[in-house]
Amino acid sequence: MTSSGTAVISPAPVMSNVPDPSEPPQTRASGHRAPRILIIANQKGGVGKTTTAINLATALAAIGRRVLVIDLDPQGNASTGLGIPPSGRARGTYDLLIGEAGIAETIVRTAIPGLDVVPSTVDLAGAELDLIDMERREYRLREALQAAMPDYDFILVDCPPSLNLLTLNGLVAAQAVLVPLQCEFFALEGLTHLLKTIERVRHKLNPTLDLQGVVLTMADARNNLTNMVAADVRQFLGEKVYQTVIPRNVRVSEAPSHGKPVLLYDFRCAGSQAYIRLAREVLVREREEEHVA
Ligand SMILES: Nc1ncnc2c1ncn2[C@@H]1O[C@H](COP(=O)(O)OP(=O)(O)OP(=O)(O)O)[C@@H](O)[C@H]1O
Ligand SMILES: [Mg+2]
């Protein structure tokens, strides 16, 4: 454990008392609850960030939470995977970052009740260049969300596979980071690098940024490497690693080509069931966070 890694990690949560999914979302005394903003980040490509964003969002929506996904990746995989074709994306994250549209003008409804998305449009690929001369360029997403805080319980931000200015905007806007980690060689090195970045962001730009947790993805229990890496990561981060492990599952990889989260494509498959368990764990940690606050 590096000293920077330690500082990011708050006390381990108790993993009992999983909430009843039928329970309605809690509201603050005012009746208006500010959304919790979680960023799904890992600078490594293809580790399951988008799959986790889409399916965690769907699982949370399925148990009554109002969820907004922000597609902060020019690849636009979260938008496509939520069934929004490029022709259905008039405005999106780019317009939000540049200040050409407010959040309400960029939100697109999905087929899933309670789940909306701010899609990625082709312009997002050039956003970094456009942002570079702007004032407070790391705070653009945060300020766009605060200017008109929409009526959601959760905002999940899907990131590109890079620690660039787009991801930085996500880290500055978020309250906590959820890291999907594929059980493969070098996974811990990449994780250490990410934890250092989170620590730096915390120090300089977003003092309250926390680590929600690390989820092991695309795991194959018959593979020794999977089991070795999983054991190492658990030893390194303790209970910050969710109990839920997302298995490698062909239904999960098929679902995006149908423009559907796997939870809609095949609710019973092992991948869907794992994402439901992950949503429960996320809610438990969020509830504990609320009690601490
Ligand atoms: N549990 C799983 N089982 C099988 N395939 C999976 C699983 N999770 C993700 N995949 C597949 O692996 C590929 C990469 O996943 P995904 O796009 O979610 O990763 P990513 O981290 O968002 O990638 P990028 O860094 O390019 O944004 C996709 O083809 C996806 O369908
Ligand atoms: Mg992705």
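Remember, it's a predicted structure, so these values are computed and weren't measured experimentally. (Residues numbered from 1 in each chain as written. Chains lettered and ligands numbered in written order. Predicted model: local features only at pLDDT ≥ 70, side-chain atom pairs only at ≥ 80, totals over all residues.)

A. Main features of the overall build of the protein. On a plain count of helices and strands, the protein comes out with 13 helices and 8 strands. Put simply, 79% of the contacts in the protein that link residues at least 6 apart link residues at least 24 apart. (Helix = DSSP H or I, 4+ residues; strand = E, 2+ residues; numbered from the N terminus. Contact = placed C-beta atoms within 7 Å.)

B. How the structure looks around unusual backbone geometry. The phi torsion at R136 lies on the positive side, around 50°, for a residue other than glycine. Mapping R136 onto the fold places it in the loop between α6 (127–131) and α7 (140–147). The phi angle at M218 is positive, at roughly 50°, despite the residue not being glycine. You can see M218 is positioned in strand β7 (residues 210–219).

C. Fine view of the nonpolar core. Within the largest apolar cluster, 81 residues are counted, with the highest numbers of intra-cluster contacts made by L156, V157 and V177. When near neighbours in sequence (up to four residues on either side) are disregarded, L156 contacts L38, I40, A53, L56, A57, V67 and V69. (Core = buried A, V, L, I, M, F, W, Y, C linked by C-beta atoms within 7 Å. Buried ≥ 20, exposed ≤ 12 C-beta atoms within 10 Å, placed from the backbone.)

D. Highlighting α7. Here α7 has its buried residues at R140, L141, A144 and L145. For α7, the angular spread of buried residues about the axis comes to 125°, placing them on one side. Opposite its buried face, α7 presents the exposed residues Q146 and A147, each directed more than 90 degrees away. In the core, the buried residues of α7 are packed alongside β1 (36–40), α4 (93–98), α5 (103–106), α6, β5 (154–158) and α8 (165–173). (Arc of directions from axis to C-beta.)

E. Region of interest: the packing of α7 against α8. Relative orientation of the contacting elements α7 and α8 amounts to 45°, with a least axis distance of 7 Å. Classed by the angle they form, the pair α7 and α8 counts as oblique. Within the contact between the two elements, α7 uses R140, L141, R142 and L145 and α8 uses N169, G170, V172 and A173. For the contact of α7 with α8, the residue count by class is 4 nonpolar, 2 polar and 2 charged. (Axes fitted to C-alpha atoms, helices over the stretch in contact; angles between N-to-C directions. Parallel < 35°, antiparallel > 145°, perpendicular 65-115°, else oblique. Nonpolar A, V, L, I, M, F, W, Y, C, P; charged D, E, K, R; others polar.)

F. A look at the site of ligand 1. Around ligand 1, a shell composed of 20 residues is seen, among which K49, T50, T51, P161 and S253 lie nearest. Looking at the shell around ligand 1, the elements with two or more residues in it are α2 (49–62), β7 and α11 (250–254). The element that contributes the greatest number of residues to the shell around ligand 1 is α2, accounting for 3 residues. When grouped by side-chain class, the residues that make up the shell around ligand 1 number 6 nonpolar, 11 polar and 3 charged. (Near = placed C-beta within 6 Å.)

G. Here's a closer look at the environment of L188. Secondary-structure assignment places L188 in helix α9 (residues 187–204). Residue L188 is classed as partly exposed on the basis of its 15 C-beta neighbours within 10 Å. Once the C-alpha coordinates of L188 and V233 are considered, the two residues, 45 residues apart in sequence, prove to be 6.8 Å apart. Filtering out sequence-adjacent residues up to four positions away, L188 remains in contact with D232, V233 and F236.

H. Local environment of the pairing of β1. Along β1, 4 of the 5 residues are buried, which leaves the element largely enclosed by surrounding structure. One ladder, built from 5 bridges, connects β1 with β5; its direction is parallel. Directly across from I39, in β5, lies its bridge partner V157. In this structure, β1 lies alongside strand β6 (residues 176–182), joined through 3 bridges in parallel fashion. Note that in β6 the partner of L38 across the bridge is A176. (Pairing = 2+ DSSP bridges.)

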